[in-house]
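# Inside the fold
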Amino acid sequence: MSEQIFESAILITGFLLIISGCYCLIRTYHMIKIIIGIEVAMKAVSMFIILSGYISGNEDLAQTFVITSIVIEVVVAVVAAGIAINLYRKYGSMDIRNLTKLKG
Amino acid sequence: MEAVVYTCLGLMLVFGILAVMLHSMLKSAIALAAASAALGVIMYELGAIWAAIFEVSVCSGLVTVIFISAISLSNTDKKDLPKLYEDGKRMAFLPLVLIISGILLIVVAISSVSSLPVPTPVAEVADNFREILWNHRQADIWGQIIVLITGALAVAVLFKEGELP
Amino acid sequence: MRVIANIQMVANIAVLFFVIPLAIIAVNTLLPKKLAGRVSFYLGGFAGIMQAAAAAADFFLLSANRLHEYEFSLLWDLSIEGSERFSVDSLSLVMLFCIGMVTIVSVLVAKQTVHDRKRAYVNLLMTLILGMNGMVLVTDLFSLYVFLEVVGLSSFILIAMFKTDTGLEGAFKYLVMSVMATVFMLTGLAFIFMQTGSLQYKHVGMNVLRFQSHSQSVLIYAALILLISGFAIKTGAVPFHSWLPDAHQSANTAISILLSGIVIKVAGIYGFIVLVDLFNEVPAINMTVAVIGTVSIITGALLAMQQNHFKRIVAYSSVSQVGYILLGISTGSTLGLLGTVVHIFNHATFKSALFSNAAALHEQVGSLDINEMGGLEKRMPVTAFSSVTAFLSTTGIPPFAGFWSKLLIIMALWKSNMQVFAGIALVASIFTAAYFLRIQKKVFFGKLPDKYENLTEVKGTVKFAEIMLSVVTILTGVFFPLALLYLKGRGII
């Protein structure tokens, strides 16, 4: 029973982190903040994968998954930061309210 | 072990929310690194040692460096930030949302906690991780190589100084 | 003995799907800058041609040996217990062929629309192809995700690489939506992994039946909802379509061809095919996919009617056509899958044709606002002809290619007792006709404005691409019954 409470605690924390990350993604106007929201949600996802490995008895497989997803996460952060910096050089601010060229 | 994990879960949640809520980008990035470190400890406690090492070194190290360099390239006056981006107003409802969803999740958890699967203990095999990574996940390794090539191309294309059209 | 040699050939050819793009990245990067500017496009075109040829050769070898799939590896030992493997089957080979074809068209168009950063364009094109090839060849849900990310990352960079206002904006919006898809999908994968202890297709499919208890099935349903949302975002299906017209409009036309012609299909639709195949024991999944498809068909068509930008209309048309493909998948039957695959091929053809038209118009007219155009038929006959064939094929007028695929999809829906959806699919064709008639009327028919009096037809590779795609559309339509007979004879249907 205590094992299951332990698992539930991890699941609940993870969901709360995903909600914070996605909320930030939707509500904030700052591009870097959006990327930080993404990272917060991805942390929770890594935790879920490790928990799944722990539950199903495949810790090592779960580790390989997490390592791969960390590599991807870093490259996504680099690309997102690159696009954000180019937008900053265009508009002089990191505000997404400037992004209004595409409508309809 | 459980006490450590519970503490780190609490820390991770607090730092995660701080990363999202703080006005200063620099403090946000540091809070994210702290959340990452807490996750590293949780991974270590759950038996994922290699993943923990990666999490701490790459996520709380390298990613923070990326963020800080992005922030320093785009220096907005710190005093203007709250006014410009209205983060205080925009994010004001997050604590409320989190409390409500937290209560809901706890209710769901209490009603179904006994039906969660019980962990299966694994037989310890020396170097099992390395064996799985190199002998079973080759497609992932090829994928990682290609992701890294893409990342290198991204740096070459997106961070190149020059005239903007 | 001969048969065995042939089977070995299948694997030898399949390895090329990874080796060629990797080799071209290496060559293209190492070339001196001056030379690279001249030969980069030829390298890209070579990759596309080789890919299409290899896929076709493999397809015939596979069906000549009466095999359904063949497993192979890339420099690793397949005999190790539990090791991952790549696998080619008829479905993945058709997808690989489409990837090759769209690559060729993209390079042909790029020759006239991409003026600087040619080397970077070809390199990123190759990583995009690698990602898509990987997606259709892997046999593991996590590897599928890894290659999906390669596709996503290459697309973001390709959209943003010319650093125009709109390009950066479209790329950023696409990236944000994509990352949400990633978070959903990985959470879903974690839940499935929790139950099955493995993410290989064979283990997942085998273990689905085991979920008897209530809470386990709750977790699996949650995972399915998350995975479907993730792939729906990647496909641009309604209600997750907001990024698609932005990204496809803002990219360079050579890149829009790739995104609309093949990326949404490999990154999104192929994921749906895998999901429906793995979880065919769960009846709700078919209905969900069918509903998403129907809503996409109608919403996409209605939104396309209100746009004034040529590329934006074509992008919304993708949302609508993807709906038909989803309906075909939702039947879960072989006939439905065949209709889906043929529609994927047809959509790749006519969407590439329409975007080539966009490139031609952009080159000659200089703008893509359809309100400024009119009567261009007289000045640009080839573009007008190719646009009309693409439009007739999209709407599903016999004997054009689109007619056969839509017929197959509607027949499959009818046979699977989904008559309501079949009816909606039929009626929605009228919407397709409506927005395309509007575009044709405003761009190619009517009175020619005085300022376009000296306009000439586009020249060079774009013209060649338009003619090639029109020929493919018409020939596919005319010879499709023969293809059906061939497939039937080979036991594929």
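Residues numbered from 1 in each chain as written. Chains lettered and ligands numbered in written order. Predicted model: local features only at pLDDT ≥ 70, side-chain atom pairs only at ≥ 80, totals over all residues. Heavy atoms only, no water.

### Topic: the overall build of chain A
Rules: Helix and strand assignments come from DSSP, with helices taken as H or I runs of at least 4 residues and strands as E runs of at least 2, each series counted from the N terminus. With C-alpha atoms as the basis for the radius of gyration, the globule rule is written as 2.2 Å multiplied by the number of residues raised to the power 0.38. Computed with the Shrake-Rupley method and a 1.4 Å probe, the accessible areas treat only the protein chains shown as cover for residues.
For chain A, the helix and strand inventory stands at 3 helices and 0 strands. Reading chain A from its N end, one meets helices and strands in the order α-α-α. Computed over the C-alpha atoms, the radius of gyration of chain A is 17 Å, more than 25% above the 13 Å expected from 2.2 N^0.38 for a compact globule of 104 residues. Along the first, second and third principal axes, the C-alpha set of chain A runs to 55 × 25 × 25 Å. For chain A, the computed accessible surface area is about 2300 Å², with 61% contributed by carbon and sulfur atoms.

### Some remarks on the packing of helix α3 (residues 59-91) of chain A against helix α3 (residues 49-73) of chain B
We count it as follows: Helix axes are fitted to C-alpha atoms over the stretch in contact, other axes to C-alpha atoms as well, and angles between N-to-C directions run from 0 to 180 degrees. Roughly parallel here means an angle under 35 degrees, roughly antiparallel means over 145, roughly perpendicular means 65 to 115, and every remaining angle is called oblique. Contact criterion: two residues are considered in contact whenever any of their non-hydrogen atoms come within 4.5 Å of each other. Side-chain classes follow a simple rule in which Ala, Val, Leu, Ile, Met, Phe, Trp, Tyr, Cys and Pro form the nonpolar group, Asp, Glu, Lys and Arg form the charged group, and the remainder, Gly included, forms the polar group.
Closest axis-to-axis distance for the α3 of chain A/α3 of chain B pair is 10 Å, and the angle between their directions is 0°. In terms of orientation, α3 of chain A lies roughly parallel with respect to α3 of chain B. Along its contact with α3 of chain A, which presents Gln63, Val66, Ile67, Ile70, Glu73, Val74, Ala77, Val78, Ala81, Ile85 and Tyr88 of chain A, the element α3 of chain B presents Ile49, Trp50, Ala51, Phe54, Glu55, Val58, Cys59, Leu62, Val63, Ile66, Ala70 and Leu73 of chain B. Of the residues that constitute the contact of α3 of chain A with α3 of chain B, the class distribution is 20 nonpolar, 1 polar and 2 charged.

### Quick look at the environment of isoleucine 298 of chain C
Tracing the backbone through its elements, the reader meets isoleucine 298 of chain C in helix α11 (residues 283-305). Put simply, isoleucine 298 of chain C and valine 319 of chain C are 21 residues apart on the chain and 9.3 Å apart in space, counted from C-alpha to C-alpha.

### Points about the environment of alanine 77 of chain A
By the secondary structure assignment, alanine 77 of chain A is in helix α3. With 39 residues separating them in the primary sequence, alanine 77 of chain A and isoleucine 38 of chain A have C-alpha atoms 8.8 Å apart. Sequence-distant contacts of alanine 77 of chain A, that is, excluding residues within four places in its chain, are made with Glu39 of chain A together with Ile66 of chain B.

### Remarks on unusual backbone geometry
Residues and elements named next belong to chain C. Stated precisely, the cut-off is as follows: Each residue is placed in one exposure class: buried if its accessible area under a 1.4 Å probe, protein chains only, is under 20% of its type's maximum, exposed if it is over 50%, and partly exposed if it falls in between.
Backbone torsion omega between valine 238 and proline 239 reads 10°, so that peptide bond is classified as cis. Assignment of secondary structure puts proline 239 in the loop between α8 (214-235) and α9 (243-250). Positive phi, normally seen in glycine, also occurs at arginine 117, with a value near 55°. Turning to its location among the elements, arginine 117 is positioned in the loop between α3 (90-113) and α4 (118-137). At lysine 163, a position not held by glycine, the phi torsion is positive, near 60°. Along the polypeptide, lysine 163 turns up in the loop between α5 (141-160) and α6 (165-196). You can call lysine 163 buried: its relative accessible area is 4%.

### Remarks on the pattern of salt bridges
Going by this rule: The salt bridge criterion pairs a side-chain nitrogen of Lys or Arg with a carboxyl oxygen of Asp or Glu, the two atoms within 4 Å.
Enumeration according to the criterion identifies 14 salt bridges over all chains in this entry. Of the charged contacts in the structure, one is a salt bridge between arginine 137 of chain B and aspartate 140 of chain C, with a shortest N-O distance of 2.9 Å. Residue arginine 137 of chain B is located in the loop between α7 (128-136) and α8 (138-158), and its partner aspartate 140 of chain C is located in the loop between α4 and α5; the two belong to separate chains. There is no split in this pair, since arginine 137 of chain B and aspartate 140 of chain C are both buried. By sharing partners, the salt bridges in this structure join Glu39, Lys43 and Glu73 of chain A together with Glu55 of chain B into a single network.

### Concerning the interface of chain B and chain A
Using the following cut-off: Buried area: the accessible area, evaluated with a 1.4 Å probe, that two parts lose upon being put together, summed over both parts. Within 3.5 Å is the distance limit for a polar contact, defined as a pair of N or O atoms, with the added protein rule that one can donate a hydrogen and the other accept it, and that residues adjacent in sequence qualify only through two side-chain atoms.
Taken residue by residue, the interface counts 83 residues in chain B and 72 residues in chain A. Between chain B and chain A lies a buried interface of about 7100 Å² when both sides are counted; carbon and sulfur atoms form 74% of it. When residues of chain B are sorted by the area they lose upon contact with chain A, Leu46, Tyr85 and Arg90 of chain B head the list and together hold 11% of the total. At the boundary of chain B and chain A, one finds 1 salt bridge. Summed over the shared surface of chain B and chain A, the number is 7 residue pairs in polar contact (both at pLDDT 80 or more). Secondary structure elements with two or more residues in the side of chain B that touches chain A: α1 (2-21), α2 (25-45), α3, α4 (81-85), α5 (87-90), α6 (94-112), α7 and α8 of chain B. Ranked by residue count, the leading element in the side of chain B that touches chain A is α3 of chain B, at 14 residues. Taken together, the residues of the side of chain B that touches chain A sort by class into 60 nonpolar, 14 polar and 9 charged.

### Quick look at the nonpolar core
Threshold: Take the buried Ala, Val, Leu, Ile, Met, Phe, Trp, Tyr and Cys residues and link them wherever side-chain atoms come within 4.5 Å; each set so joined is a nonpolar core. A domain assignment, automatic or from a database, supplies the domain bounds used here.
With 278 residues, the main nonpolar core has Val79 and Ile83 of chain A together with Tyr121 and Leu376 of chain C as its most contacted residues. Mapped onto the domain boundaries, this core takes at least three residues apiece from domain 1 (1-75) and domain 2 (126-165) of chain B. With 12 residues, the next largest nonpolar core counts Tyr324, Ile409, Met418 and Ala428 of chain C among its residues.

### Some points on the interface of chain B and chain C
With 21 residues of chain B at the interface, the matching set in chain C holds 33 residues. Where chain B touches chain C, the interface holds 2 salt bridges. Across the chain B-chain C interface, the total number found is 8 residue pairs in polar contact (both at pLDDT 80 or more). It is α8 of chain B that contributes the most residues to the side of chain B that touches chain C, 14 residues altogether.

### Quick look at the state of the cysteines
What counts here: Cysteine sulfurs are considered disulfide-paired once they come within 2.5 Å of each other.
Inspection of the entire model under this criterion finds 0 disulfides over all chains. Cysteine cysteine 24 of chain A remains unbridged, with the sulfur of cysteine 22 of chain A as its closest cysteine sulfur at 9.6 Å.

### Things to note about the pairing of strand β1 (residues 69-72) of chain C
Residues and elements named next belong to chain C. Filter applied, for reference: Two strands qualify as a pair provided that DSSP identifies no fewer than 2 bridges between them.
Burial of β1 is one-sided: the residues Tyr70 and Phe72 facing one way are buried, the residues Glu69 and Glu71 facing the other way are not. Note that β1 and strand β2 (residues 86-89) share 4 bridges and pair antiparallel. Each bridged residue has a counterpart across the sheet, and for tyrosine 70 the counterpart in β2 is valine 88.

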